[in-house]
Amino acid sequence: MNREEAMAILDMQDREAALEKIMELGNKAEKYDQLMGQAAITPSGQKPPYEKENKRKRTKRKKPGRKNGHPGSKRKVPEKIDHYKDHTLEQCPHCHGQELGQAIESHKRYIEDIPPIEPEVTEHTVYKHWCPHCREFVSAPVTEAQDNANLGIGIVVLTAWLHYMVGISVRNVVKILSYVCSFPVTPGGLTQSWIRLANLLRPEYEHILEQIRHSAVLYADETGWRLDGAPYWLWAFCTKEYCYYTITKCRGSPVVEQVLGVLFEGILICDFWGAYNKLKALAKQRCYFHLFTELVKVDKRNTSKEWKAFRKRLKRLLRDGLRLRDNKDHLDCQVYERRKKRLHDRLDMLLETVAEDKDVRRLIKRLKRHQNEIFTFLDYDVSPENSHAEQQMRGPVISRKISQQNRSEAGAEAQAILMSIFRTAYLQGYNPVDYVTELSKSYIKQDNIQKQDDIKMAA
């Protein structure tokens, strides 16, 4: 609305009509504010920085660097030396005098650098042979690249790692290849190569899923994602050796059921999100960190005596559980079981509290729903926190701010597959690039053999 339109409303002779028009505009403005403020269209972690609350600042800043008396550290002397150079003077650098005598002393410096990188082009000549036993023409597989591809598998895996794991955008990856490696390539060509690589490694992705389903202890978490601007969700299911990512439009229990099935025979460690409630498992452990974080959030807006008393009892109960876990090896078995039973009794008494405070009632309702999933870590040797899954989410959360997530379903599927395999290699202690490169070559070889078998069966 401009100024002239607003003046026209004020000049209306019918006062009721003008009032009705102003109320209509006010309702539209209120609905617009509500629409813009809805959290449903904004996935977790996608709020602008200026809309987030200020974090607590440290009261005393820690002095950077190592403490006094700590032994120094330096780069180790290289075991292999490729080149040797002697640096001598023929004239004085100050007075330019040329009457310099023999060198009095010398010292050595070791400088490590990367030489200029030039792309290598290899011409592959593939010969066909006649096999009298199979009565078919056979040829040696070319594992350096996928079928009908000009980009080698090494450069495809390296760029996929830079994009999906390091978080470098596609265009910046293209710039790195162009400026550093003198390797011209287009963003579309790289993206299509990554999708083909993901399709090649799909059996490994399914193998990771099977390991996840049969794991003894599993960590799960989810976070917001975007697919062509629409809200999606990135899920992570991980153990200490495997990590499985999937990107879906749903944030509910169907995703958990699709990944883990109806019954999970291990222990699931997760937060209090309702999608994990319907899953039947051997046991579940709800994250303590989320509980403590909830208490801190409520403290900022609720100062009632009833809330403070409840928070104090709950916090003391949770910390007593952690203390009992830490002292388990120093306690007799019967003493440990007796103290554990005492903790469950205290939790039952806490949940019987009749409260008028809304926050107290809300937390009591949540704890009653998950009453048998609070002290699971006292029965099994598992962590009471979901920090491992949070750590596996850290990389994708950082990269989503740079890469703008995905533009297509194929791109999202490729990202989930490649992130899962790279992260699994990292958790198992392998070099992700070397591991995935060798894995890709083995699958290329298997595909070539499978294609020749299919042709033979068709004939």
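Our structure is the block above this text.
Below: a short report on this structure.

Some thoughts on the overall build of the protein chain
- Each helix and strand in the protein chain was counted, giving 15 helices and seven strands.
- Taking 459 residues into account, the globule formula puts the C-alpha radius of gyration at 23 Å, and the protein chain, at 32 Å, lies well above it.
- On the principal axes, the C-alpha backbone points of the protein chain span a range of 90 × 80 × 80 Å.
- When burial is assessed residue by residue, the protein chain has 35% of its 459 residues classed as buried.
- Considering only intrachain contacts with a sequence separation of at least 6, the fraction spanning at least 24 residues in the protein chain is 64%.
- Only carbon and sulfur atoms are counted for the fraction: they give 51% of the accessible area of the protein chain, which is about 32200 Å².

Looking at a nonpolar patch on the surface
- Residues Ile114, Ile117, Ile176, Tyr179 and Val180 make up a contiguous nonpolar surface patch of roughly 520 Å² in combined accessible area.
- For Ile117, the location among the structural elements is in the loop between α2 (15-37) and β1 (128-131).
- Overall, the relative accessible area of 34% leaves Ile117 in the partly exposed class.

Focus on the packing of aromatic side chains
- This model, assessed by the stated rule, comprises 10 aromatic pairs.
- A ring pair is formed by Trp235 and Tyr276, whose centres lie 6.0 Å apart and whose planes are at 70°; its orientation type is edge-to-face. Here Trp235, found in strand β4 (residues 230-238), pairs with Tyr276, found in the loop between β6 (263-270) and β7 (280-286); they are 41 residues apart in sequence, far enough to count as distant. Each of the two residues, Trp235 as well as Tyr276, counts as buried.
- Note on Tyr288 and Phe377: the rings are 5.3 Å apart at their centroids and 85° apart in plane angle, and the pair reads as edge-to-face. One end of the pair, Tyr288, is in helix α8 (residues 288-301); the other, Phe377, is in helix α12 (residues 376-379), and 89 residues separate them in sequence. Phe377 carries the same exposure label as Tyr288, and that label is buried.
- Among the aromatic side chains, those forming a connected cluster through ring pairs are Tyr288, Phe292, Phe375 and Phe377.
- Lying across the ring of Trp233, Arg251 places its NZ or CZ 4.4 Å from the centre.
- When the ring centre of Trp273 is taken as origin, the NZ or CZ atom of Arg251, which lies over that ring, is 3.9 Å away.

Quick word on the packing of helix α3 (residues 153-166) against helix α4 (residues 170-179)
- Running from N to C, α3 and α4 cross one another at 135°; their axes reach a closest spacing of 10 Å. Regarding the angle of α3 to α4, the classification is oblique. With respect to the hand of their crossing, α3 and α4 are arranged in right-handed fashion. From α3, Ile155, Thr159, Leu162 and His163 reach across to α4, where they touch Val170, Val173 and Leu177.
- Class assignment for the residues of the contact of α3 with α4 results in five nonpolar, two polar and no charged.

So, the nonpolar core
- Counting residues in each nonpolar core, the largest one holds 101 residues, and the members touching the most others are Leu197, Phe237, Leu260, Phe310, Phe375 and Leu418.
- If we skip the residues at most four places from it in the chain, Leu418 touches Ala160, Tyr164, Trp194, Leu197, Ala198 and Leu201.

Quick notes on the sheet that holds β6
- One open sheet holds the five strands; their spatial order is β5-β4-β3-β6-β7, and the pairing between them is mixed. Whereas interior strands pair on both sides, the edge strands pair on one side only; in this sheet they are β5 (243-248) and β7. When the angles between neighbouring strand axes are averaged without regard to direction, this sheet yields 30°.
- The sheet contact formed by β6 and β7 spans six bridges and is parallel. Across the sheet, residue Cys270 finds its bridge partner in β7, namely Arg286.

Some points on the pairing of β1
- Alignment of β1 against strand β2 (residues 136-139), held across four bridges, turns out to be antiparallel. Bridge pairing in β2 links His129 to Val138.
- In sequence, β1 turns back onto β2 through a hairpin of four residues, with Arg135 there showing a positive phi of about 55°.

Quick word on helix α13 (residues 387-403)
- For α13, spanning 17 residues, the distance from its first C-alpha to its last is 25 Å, which sits close to the expected 24 Å at 1.5 Å a residue.
- Bending of α13 peaks at approximately 30° at the position of Met393, with proline Pro396 no more than four residues after it.
- Residues of α13 that are buried include every one of His388, Ala389, Gln392, Met393, Pro396, Ser399, Arg400 and Ser403, and no others.
- Looking at the buried side of α13, the elements it contacts are α3, β3 (217-227), β4, β5 and α14 (409-427).

Some words on the pattern of salt bridges
- Across all of its chains, the model carries 18 salt bridges by this definition.
- Notably, a salt bridge pairs Arg213 with Glu210, separated by 3.4 Å at the nearest N-O pair. One end of the pair is Arg213 and the other is Glu210, both in helix α6 (residues 202-213) and three residues apart, which spans about a single turn.
- Residue Arg213 is classed as partly exposed on the basis of its relative accessible area of 29%.

Concerning unusual backbone geometry
- Here Asn148, not a glycine, exhibits a phi torsion of approximately 60°, which is positive.
- Structurally, Asn148 is set in the loop between β2 and α3.
- The phi dihedral of Asp228 is positive, around 55°, even though this residue is not glycine.
- Position of Asp228 among the secondary structure elements: in the loop between β3 and β4.

Regarding the side chain of Ser215
- Assignment of secondary structure puts Ser215 in the loop between α6 and β3.
- Judged by relative accessible area, which is 11%, Ser215 ranks as buried.
- A polar atom in the side chain of Ser215 sits 2.8 Å from the backbone oxygen of Ile212.
- Every residue in contact with Ser215, bar those within four places of it in the chain, is listed here: Thr239, Phe264 and Gly266.

Focus on the packing of helix α9 (residues 305-326) against helix α10 (residues 333-351)
- Across the interface, α9 lies against α10 with an axial gap of 11 Å and an inter-helix angle of 160°. As the angle between them shows, α9 and α10 are arranged roughly antiparallel. Between α9 and α10 lies a crossing whose hand is left-handed. Counting all contacts with α9, which are made through Phe310, Arg313, Leu314, Arg316, Leu317, Asp320, Gly321 and Leu324, the residues of α10 involved are Tyr336, Arg339, Lys340, Leu343, Arg346, Leu347, Met349 and Leu350.

Here is what the cut-offs are and how they apply
- Residues numbered from 1 in each chain as written.
- Predicted model: local features only at pLDDT ≥ 70, side-chain atom pairs only at ≥ 80, totals over all residues.
- Heavy atoms only, no water.
- Helix = DSSP H or I, 4+ residues; strand = E, 2+ residues; numbered from the N terminus.
- Rg over C-alpha atoms; globule rule 2.2 N^0.38 Å.
- Buried < 20%, exposed > 50% of the residue type's maximum accessible area, 1.4 Å probe, protein only.
- Contact = heavy atoms within 4.5 Å.
- Areas by Shrake-Rupley, 256 points an atom, 1.4 Å probe, with all protein chains shown as cover.
- Patch = residues over 30% accessible without salt bridge, like charges linked within 9 Å, V, L, I, M, F, W, Y side chains within 5 Å.
- Salt bridge = Lys/Arg side-chain N within 4 Å of Asp/Glu carboxyl O.
- Phe/Tyr/Trp six-rings, centres within 6.5 Å; stacked < 30°, edge-to-face > 60°.
- Lys NZ or Arg CZ within 6 Å of the ring centre and 35° of its normal.
- Axes fitted to C-alpha atoms, helices over the stretch in contact; angles between N-to-C directions.
- Parallel < 35°, antiparallel > 145°, perpendicular 65-115°, else oblique.
- Left-handed = near helix turned anticlockwise from the far one by under 90°.
- Nonpolar A, V, L, I, M, F, W, Y, C, P; charged D, E, K, R; others polar.
- Core = buried A, V, L, I, M, F, W, Y, C linked by side-chain atoms within 4.5 Å.
- Pairing = 2+ DSSP bridges.
- Expected span 1.5 Å × (residues − 1).
- Bend = angle between axes of the 7 residues up to and from the residue.
- Polar contact = N/O pair within 3.5 Å; in protein donor to acceptor, adjacent residues only side chain to side chain.

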